[in-house]
2 protein chains.
Amino acid sequence: MKKKILVVSAHPEPRSLNAALAKFAVDHLSAAGREVQLSDLYAMKWNPTVDTDDYPDHGSAGGAARRLHVMRDSEEATLAGRLAPDIAAEQEKIRWSDAVVFQFPMWWFSAPAILKGWIDRVFTSGFAYGPKVPPPYDDTAGALAGRRALLSVTLGARETAFSDRGIHGRLTDVLHPLQHGLFWFTGMTPLEPFAVYDTDRMPADRYAPALEAYARRLDALFTDPPVPYRTLTGGDYDHDMRLLPGREREGTTGLDLHTYPDPAPHSGVSR
Amino acid sequence: MKKKILVVSAHPEPRSLNAALAKFAVDHLSAAGREVQLSDLYAMKWNPTVDTDDYPDHGSAGGAARRLHVMRDSEEATLAGRLAPDIAAEQEKIRWSDAVVFQFPMWWFSAPAILKGWIDRVFTSGFAYGPKVPPPYDDTAGALAGRRALLSVTLGARETAFSDRGIHGRLTDVLHPLQHGLFWFTGMTPLEPFAVYDTDRMPADRYAPALEAYARRLDALFTDPPVPYRTLTGGDYDHDMRLLPGREREGTTGLDLHTYPDPAPHSGVSR
């Protein structure tokens, strides 16, 4: 079976480094015998704003419009197969995929709004999480388990500013909401991000080394070891979702608590 | 002089807890003698997507459309006073303000896309940062220095899951891209966030305690001690923007490196 990969790209300029990286991923993976789909969010004119139109049945039962509860209404629409067609189409691409790649420029230390709105609208309760799906933070049983996830990010700043002692914070910490909060939460298997630094006004003749480095990461999409996040179901957390005492290496604090101090014992590696 | 506060609110349902908190902030601050403006992003049908239309002069010089460089083009448009009117109007509200309050539900461990897109489009180079404005991470000289900043967030999860050992990560770490990356970077003075937990399908009769707690935070908007982030210009960082050795308490790692281990020596406190 050919491995299937969904590339999601978010940059307004078709001649940008981001567009070049997205096109390169599609071409390179296809040439390697993968099946690839591309969601080019700007080209699709993706609507980023969660609203009642996302759930066509919302409020149709009564006279006055029913109060919108985003989680409840998105879940009901998902389970009834009654989501807006643009959302349903993107969910189908994720279901189809064995891996998801996000290509975006870091804007204000997170994804551009058009990509955030793809996440907000597509990762509904009932699809990516929720009471009717398996518990979060488990890559063997989670709602979207069995899928690898790779962030490919361009950054205007230099790498030192995102290094261990860099003022912007470590890249892994800045990307935590996506890596752990989105991918790992939903059962996907996040890899270390691929990052190109110092990209402000980068001329096209500097693209080649970035593409070459990216090729190596794409080749290892299904073999690179994932980020060794702890599973919720692995016995490390209490009923209030707090890490039990003594599970970490002494002195560990903050987000580092939620990775295994040694290579991950869970099964994501071998996929 | 009356203190001036801009409240930015991002929820699609006018009967939601978020809408109630935003309205409460406007009313409570006004009753206390403050001047208040509200940017209700859903009511304004705010466009979250950065695009060439944001910079009306883009590409007008030549025949074929010029390649879009978001940072360069946003900066040129900002300095020339030629930004799209919806962006210019929001910048004017920020310039007018002594404090900014963001009201939003945590969606996927960050702001809803409509708010992210307000940030992406409004905080342009030349306005909030850039070569023609003072260096970042300095609340005495930064581009938007002199403004306090408060996040007011609702979360479906329980507080324990965002506690020191909670699986979602500490709230302060999850909000780092906004607190440090947006507010502190641009010279604003961020306070500890105000958070209401366990809000999934919260009935309106449970709003009262949340509003009461919020009132105390709003009353202290100009007196609460800010988050003691380190300034870039205070001598703690090298030329590559890395924290110099020995500045932190022993064993400190990750995002905690970038707060002073003792009360902040900088001047933001007294505003």
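Whatever comes next refers back to the structure up there.
Residues numbered from 1 in each chain as written. Chains lettered and ligands numbered in written order. Predicted model: local features only at pLDDT ≥ 70, side-chain atom pairs only at ≥ 80, totals over all residues. Heavy atoms only, no water.

This paragraph deals with the environment of A:T189. You can see A:T189 is positioned in strand β5 (residues 189-190). The exposure class assigned to A:T189 is buried, which follows from its relative accessible area of 1%. (Helix = DSSP H or I, 4+ residues; strand = E, 2+ residues; numbered from the N terminus. Buried < 20%, exposed > 50% of the residue type's maximum accessible area, 1.4 Å probe, protein only.)

Moving on, we get to the relation of the copies chain B and chain A. Superposing chain B onto chain A takes a rotation of 180 degrees plus a shift of 0.0 Å along the axis, which leaves an RMSD of 0.0 Å. Expressed as an axis order, the relation between the two copies is that of a two-fold axis. Considering only C-alpha atoms, the residue of chain B closest to the rotation axis is B:A113, which sits at 2.5 Å. (Least-squares fit on C-alpha atoms with pLDDT ≥ 70 in both.)

All names here are of chain A. The residue D198 is not glycine, and still its phi comes out positive at about 60 degrees. Along the chain, the position of D198 falls in the loop between β6 (194-196) and α7 (207-219). Looking at D198, the relative accessible area reads 38%, which means it is partly exposed.

The subject of this paragraph is the nonpolar core. A:F102, A:W118, B:F102 and B:W118 are the most contacted members of the largest nonpolar core, which has 116 residues in total. Not counting residues up to four positions away in its chain, the partners in contact with B:F102 are B:V8, B:L115, B:W118, B:I119, B:L150, B:L151, B:S152, B:L182 and B:F183. (Core = buried A, V, L, I, M, F, W, Y, C linked by side-chain atoms within 4.5 Å. Contact = heavy atoms within 4.5 Å.)

Residue and element names in this part refer to chain A. The contact between helix α1 (residues 17-31) and α7 brings their axes to 10 Å, and the two run at 40 degrees. Taken together, the axes of α1 and α7 lie oblique to each other. Seen along the crossing, α1 lies across α7 with a hand that is right-handed. When α1 is examined against α7, the residues L17, A20, L21, F24, A25, H28 and L29 are found in contact with a partner set consisting of Y207, L211, Y214, A215, L218 and D219. (Axes fitted to C-alpha atoms, helices over the stretch in contact; angles between N-to-C directions. Parallel < 35°, antiparallel > 145°, perpendicular 65-115°, else oblique. Left-handed = near helix turned anticlockwise from the far one by under 90°.)

A few words on the interface of chain B and chain A. Opposite the 76 residues of chain B that make contact, chain A presents 76 residues. With both sides pooled, the region where chain B packs onto chain A buries about 6,000 Å², and carbon together with sulfur makes up 58% of that total. Interface area lost by chain B to chain A is led by B:W108, B:R165 and B:I167, which between them contribute 17%. The interface formed by chain B and chain A contains four salt bridges. For A:R165, the salt bridge goes to B:E248, with nearest N and O atoms at 2.8 Å. Connecting chain B to chain A are 32 residue pairs in polar contact (both at pLDDT 80 or more). Breaking the side of chain B that touches chain A down by element, the ones donating at least two residues are α2 (70-79), α4 (113-122), α5 (171-174) and α6 (176-184) of chain B. Examining the composition of the side of chain B that touches chain A, we find that six residues originate from one element, α4(B), more than from any other. (Buried area = accessible area lost by both parts, 1.4 Å probe. Salt bridge = Lys/Arg side-chain N within 4 Å of Asp/Glu carboxyl O. Polar contact = N/O pair within 3.5 Å; in protein donor to acceptor, adjacent residues only side chain to side chain.)

Residue and element names in this part refer to chain B. In this structure, strand β1 (residues 4-9) lies alongside strand β2 (residues 35-40), joined through six bridges in parallel fashion. Residue pairing for β2: L6 is matched across the bridge by Q37. As for the winding sense of the linkage, the β-α-β connection from β1 through helix α1 (residues 17-31) to β2 is right-handed. (Pairing = 2+ DSSP bridges. Right-handed = clockwise from strand over helix to strand, strands pointing away.)

Within this structure, the stated rule accounts for 40 salt bridges over all chains. A salt bridge links A:E13 to A:R15; its shortest N-O distance comes to 2.8 Å. Classification of A:E13 by relative accessible area gives buried; the value is 4%. A salt bridge links B:D73 to B:R72; the nearest nitrogen and oxygen atoms lie 3.4 Å apart. Among the residues examined, B:R72 registers a relative accessible area of 16% and is labelled buried. Within this structure, A:R66, A:R72, A:D73 and A:E76 form a network of salt bridges that share partners.

All right, on to the side chain of A:Q179 then. Structurally, A:Q179 can be placed in helix α6 (residues 176-184). The contact partners of A:Q179, leaving out residues within four places of it in the chain, are A:L151, A:W184, A:P190, A:L191, A:E192, A:P193, A:V227 and A:Y229.

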